[in-house]
Amino acid sequence: MMKGNILVSGGSGYIGSHTCIELINSGYKPIIVDNLSNSDIQSLDRIEEIAGERPEFFEINLCDREALNQIPKSLRIDALIHFAAFKSVNESVADPLMYYHNNLESLVNILRFCTERNIEHLVFSSSCTVYGDAKELPVTEETPLQKASSPYGNTKQISETIILDYLKVHPELNTISLRYFNPAGAHPSAKIGELPRGIPNNLLPYLTQTAVGLRDELKVFGGDYNTKDGSAIRDYIHVSDLAEAHLKAFEFMKSGKMTSNYDLFNLGSGNGYTVLEVIKSYEKVSGEKLPYQIVDRRPGDVEKIWASTEKAEKILGFTPSRGIDDITKSAWEWEKHYRKNIEKSIS
Ligand SMILES: NC(=O)c1ccc[n+]([C@@H]2O[C@H](COP(=O)([O-])OP(=O)(O)OC[C@H]3O[C@@H](n4cnc5c(N)ncnc54)[C@H](O)[C@@H]3O)[C@@H](O)[C@H]2O)c1
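All of these numbers come straight from a predicted model, not from anything done at the bench.

Chemist: Explain the sheet that holds strand S6 (residues 174-180) to me, using residue names and the numbers behind them.
Modeler: What the seven strands build is an open sheet, ordered S3-S2-S1-S4-S5-S6-S11; its pairing is parallel. Across the chains shown, the open sheet's two edge strands, defined by having one partner strand only, are strand S3 (56-59) and strand S11 (262-267). Along the sheet, successive strands turn relative to each other by an average axial angle of 20°, direction set aside. Across the face of the sheet, helix H7 (residues 239-254) comes into contact with strand S1 (4-9), strand S2 (28-34), strand S4 (79-82), strand S5 (121-127), S6 and S11 while running at roughly 155° to S6.

Listed below in structure tokens is the structure:
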């Protein structure tokens with residue numbers, strides 16, 4: 001039996017497409033709204049191939065409030081997951097207004113849309129960047145936020161504030177913000193995965209692009225951090241685990257167990273890995289050597305950060321089941337599959 005319609009903004013993107021598969025597998029009907037500014041319409045084919053159903057799709061720029069009227073008023077929407085945003089730290093430094101406009105205007109329109117269409121449940125994609133260079137580890141949901149180190153990070157801090165302000169006067173809307181740590185890896189089918197445009201900002205796509213020969217070598221930013229091998233520590237969470245967490249968040253809201261209409265959760269694995277450990281994991285699962293070079297630290301990068309997963313475990317019942325080797329292996333399988341099968345069919 002179909003359990004309900006979930007509107008997924010940014011659903012053709014990296015985390016959104018994995019979440020759509022999870023929703024279909026769990027009996028929900030995802031309806032995607034995306035302007036394809038950072039994704040490809042082909043991701044719908046791949047969702048259909050993997051999950052056996054093709055999500056309904058609306059090509060809409062969420063900054064265009066009127067365009068949201070293309071979504072029929074007769075469509076009952078049980079929940080909305082708002083992934084759509086620009087996400088590159090570097091790009092946001094170069095063009096801050098593009099980020100403030102896209103990420104904040106779209107959120108404002110999403111909130112209005114929730115009220116206009118009587119949507120009761122909203123999940124918002126936030127990020128561990130809101131914690132900045134946290135003084136205490138692991139980072140809990142109570143860890144004080146630091147000044148954002150980029151306009152992108154600032155859009156996530158401001159978005160959380162906008163949501164809180166809005167919810168004060170809209171008690172009928174429940175919202176959960178999920179602060180993702182470092183989403184990485186790909187679906188085990190290798191048919192969908194992370195596909196950044198241009199030079200990747202994130203470690204895993206840079207690593208796998210190097211592995212398939214697209215980049216000469218991986219640059220490890222900083223070898224003199226105060227960590228066991230000198231490289232920076234991050235908390236990587238498999239994108240399929242992350243997808244499952246969205247369902248848990250929605251089902252928690254629906255259960256009526258929320259004590260107020262807003263809550264937030266860290267989504268990480270609870271383990272920190274250095275960049276060199278991630279490289280070692282890749283070398284282990286692939287049996288191949290990765291060319292890399294340790295270079296200067298990158299401005300704005302924090303030394304180490306990992307999540308406390310206690311709250312998500314206790315309240316949402318969410319524990320990631322995939323580890324770092326699953327992440328490097330699936331990311332690598334996806335990169336190989338993409339270069340061999342999909343890229344050729346596009347060009
Ligand atoms: N991937 C990460 O490392 C990471 C980490 C923390 C938080 N997040 C957040 O998670 C969310 C999803 O990230 P992702 O990695 O899947 O990114 P992505 O770029 O793959 O997906 C985002 C999707 O949103 C769409 N989009 C952007 N602006 C839009 C607009 N104005 N109207 C309609 N569609 C629009 C894009 O076309 C894309 O398909 C984002 O909010 C991001 O900030 C991502």
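Additional details are given in the paragraphs that follow.
Chemist: Give a description of the packing of helix H6 (residues 203-211) against helix H8 (residues 275-286) that names residues and reports values.
Modeler: At a minimum axis separation of 11 Å, H6 and H8 run at an interaxial angle of 45°. On the basis of their axis angle, the class for H6 and H8 is oblique. Crossing hand, H6 versus H8: right-handed. Within the contact between the two elements, H6 uses Leu 203, Leu 204, Leu 207 and Ala 211 and H8 uses Val 275, Val 278, Ile 279 and Tyr 282.

Chemist: Residues and numbers for the pattern of salt bridges, please.
Modeler: Counted according to the given criterion, the structure contains 20 salt bridges. A salt bridge links Arg 76 to Asp 78, with the nearest nitrogen and oxygen atoms 2.9 Å apart. A salt bridge links Glu 283 to Lys 289; the nearest nitrogen and oxygen atoms lie 3.4 Å apart. For Lys 289, a relative accessible area of 70% corresponds to the exposed category. Salt bridges linked by common partners bring Asp 45, Glu 48 and Arg 54 together as one network.

Chemist: Explain the nonpolar core residue by residue, including any values.
Modeler: If you look at soluble globular proteins, the nonpolar side chains tend to sit buried side by side. Ile 6, Ile 176, Leu 178 and Leu 267 are the most contacted members of the largest nonpolar core, which has 36 residues in total. Looking at which element gives the most residues to this core, the answer is H7, with eight residues. Ignoring sequence-local partners within four residues, the contact set of Leu 267 consists of Leu 178, Arg 179, Tyr 180, Phe 181, Ile 237, Leu 242, Ala 245, Ala 312 and Phe 318.

Chemist: Give me the packing of helix H4 (residues 96-116) against helix H5 (residues 151-169): which residues, what numbers.
Modeler: For the pair H4 and H5, interaxial distance at closest approach is 10 Å and the crossing angle is 20°. Taken together, the axis directions place H4 and H5 in an arrangement best described as roughly parallel. Between H4 and H5 the crossing geometry is right-handed. Touching Pro 96, Tyr 99, Tyr 100, Asn 103, Leu 104, Leu 107, Leu 111, Arg 112 and Thr 115 of H4 are Pro 151, Tyr 152, Asn 154, Thr 155, Ile 158, Ser 159, Ile 162, Ile 163 and Tyr 166, all from H5. Broken down by class, the residue content of the contact of H4 with H5 amounts to twelve nonpolar, five polar and one charged.

Chemist: Talk me through the packing of aromatic side chains; I want residue IDs and the actual numbers.
Modeler: Here the distance between the centres and the angle between the planes together describe a pair of aromatic rings. Going through the model one piece at a time under the given rule, you end up with six aromatic pairs. Measuring from centroid to centroid gives 5.4 Å for Tyr 28 and Phe 250, while their planes differ by 75°, and the two rings are edge-to-face. Pair noted here: Tyr 28 is in strand S2 and Phe 250 is in helix H7, with a separation of 222 residues, a long-range link. In this pair, the class of Tyr 28 matches that of Phe 250, namely buried.

Chemist: Could you give an account of H8, naming the residues involved and the relevant values?
Modeler: Taking 1.5 Å of rise per residue, the twelve residues of H8 would be expected to cover 16 Å, and the 17 Å separating its terminal C-alpha atoms lies within 8% of that figure. Among the residues making up H8, those that are buried are Val 275, Leu 276, Val 278, Ile 279, Ser 281, Tyr 282, Glu 283 and Ser 286. Gly 287 sits one or two residues past H8 and shows a positive phi near 70°.

Chemist: Run through the environment of Tyr 236, naming residues and quoting values.
Modeler: Mapped onto the elements of the fold, Tyr 236 is located in strand S10 (residues 236-238). You can call Tyr 236 buried: its relative accessible area is 7%. C-alpha separation for the pair Tyr 236 and Trp 332, spaced 96 residues apart in sequence, amounts to 15 Å. Those residues within four positions of Tyr 236 in sequence are excluded, and the remaining contacts are Asn 182, Ala 184, Leu 203, Leu 204, Ser 269, Asn 271, Tyr 273, Val 278, Ile 324 and Ile 327.

Chemist: Talk me through unusual backbone geometry; I want residue IDs and the actual numbers.
Modeler: A cis geometry characterises the amide bond from Leu 137 onward to Pro 138, with omega recorded as -5°. Mapping Pro 138 onto the fold places it in the loop between S5 and H5. Positive phi outside glycine occurs at Asn 118, with the angle close to 55°. Looking at the element boundaries, Asn 118 is found in the loop between H4 and S5. Its relative accessible area of 63% is what places Asn 118 among the exposed residues. Here the phi dihedral of Ala 190 falls at roughly 65°; this positive angle occurs in a residue that is not glycine. Looking at where Ala 190 falls in the secondary structure, it is placed in the loop between strand S7 (182-184) and H6. By relative accessible area, Ala 190 is classed as buried at 8%.

Chemist: Break down the site of the ligand for me, citing the residues and quoting the values.
Modeler: The immediate surroundings of the ligand are formed by 29 residues, with Asp 34, Asn 38, Ser 39, Asn 102 and Tyr 152 found nearest. Within the side chain of Asn 38, an N or O atom sits 2.6 Å from an oxygen atom of the ligand. Within the backbone of Leu 62, an N or O atom sits 3.0 Å from a nitrogen atom of the ligand. Calculation on the ligand without its partners gives an accessible area of 820 Å², and the protein chains cover 96% of this total. When residues of the shell around the ligand are traced back to their parent elements, those giving at least two are helix H1 (14-25), S5 and H5.

The rules behind these values
- Residues numbered from 1 in each chain as written.
- Predicted model: local features only at pLDDT ≥ 70, side-chain atom pairs only at ≥ 80, totals over all residues.
- Heavy atoms only, no water.
- Pairing = 2+ DSSP bridges.
- Helix = DSSP H or I, 4+ residues; strand = E, 2+ residues; numbered from the N terminus.
- Axes fitted to C-alpha atoms, helices over the stretch in contact; angles between N-to-C directions.
- Contact = heavy atoms within 4.5 Å.
- Parallel < 35°, antiparallel > 145°, perpendicular 65-115°, else oblique.
- Left-handed = near helix turned anticlockwise from the far one by under 90°.
- Salt bridge = Lys/Arg side-chain N within 4 Å of Asp/Glu carboxyl O.
- Buried < 20%, exposed > 50% of the residue type's maximum accessible area, 1.4 Å probe, protein only.
- Core = buried A, V, L, I, M, F, W, Y, C linked by side-chain atoms within 4.5 Å.
- Nonpolar A, V, L, I, M, F, W, Y, C, P; charged D, E, K, R; others polar.
- Phe/Tyr/Trp six-rings, centres within 6.5 Å; stacked < 30°, edge-to-face > 60°.
- Expected span 1.5 Å × (residues − 1).
- Near = heavy atom within 4 Å.
- Polar contact = N/O pair within 3.5 Å; in protein donor to acceptor, adjacent residues only side chain to side chain.
- Areas by Shrake-Rupley, 256 points an atom, 1.4 Å probe, with all protein chains shown as cover.

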